[in-house]
Amino acid sequence: MPPTADSTSKRVHCLDCQHYHISHDVRFPYACRALKIKSKRQPCQDVLEASSQPCLYRRQKTAAKP
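Residues numbered from 1 in each chain as written. Predicted model: local features only at pLDDT ≥ 70, side-chain atom pairs only at ≥ 80, totals over all residues. Heavy atoms only, no water.

(A) Representation of the environment of Lys38. One can find Lys38 in strand E3 (residues 37-39). The spacing of Lys38 and Ile22 is 16 residues in sequence and 8.9 Å in space, taken between C-alpha atoms. For Lys38, the residues in contact, after removing those within four places along its chain, are Ser23, Asp25, Phe28, Tyr30 and Ala31. (Helix = DSSP H or I, 4+ residues; strand = E, 2+ residues; numbered from the N terminus. Contact = heavy atoms within 4.5 Å.)

(B) Representation of the pattern of salt bridges within the structure. Within the structure shown, the criterion is met by four salt bridges. The closest approach of N and O atoms between Arg58 and Asp16, which form a salt bridge, is 2.6 Å. Of this pair, Arg58 sits in the segment after helix H2 (43-51) while Asp16 sits in the loop between helix H1 (5-9) and strand E1 (20-22), placing them 42 residues apart in sequence. When its relative accessible area of 29% is taken as the criterion, Asp16 is described as partly exposed. A salt bridge links Asp46 to Arg41; the shortest N-O distance between them is 2.6 Å. Among the ionic contacts, a cluster of salt bridges with common partners joins Arg41, Asp46 and Glu49. (Salt bridge = Lys/Arg side-chain N within 4 Å of Asp/Glu carboxyl O. Buried < 20%, exposed > 50% of the residue type's maximum accessible area, 1.4 Å probe, protein only.)

Next comes the structure, spelled out in structure tokens:
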């Protein structure tokens, strides 16, 4: 079944999470500092697959103060 607009709006993305970072490991380029994992895909996808829940460690990035 294709994703609906409702399901895609609730999907958690790592790109705007403060724990997300790019690792130097070519085999596992995406990482999460909170969960201490590296992955071939976005860590939130691994969390969702493993627990059937969105990531509970996600924290919105804040804008840097000038």
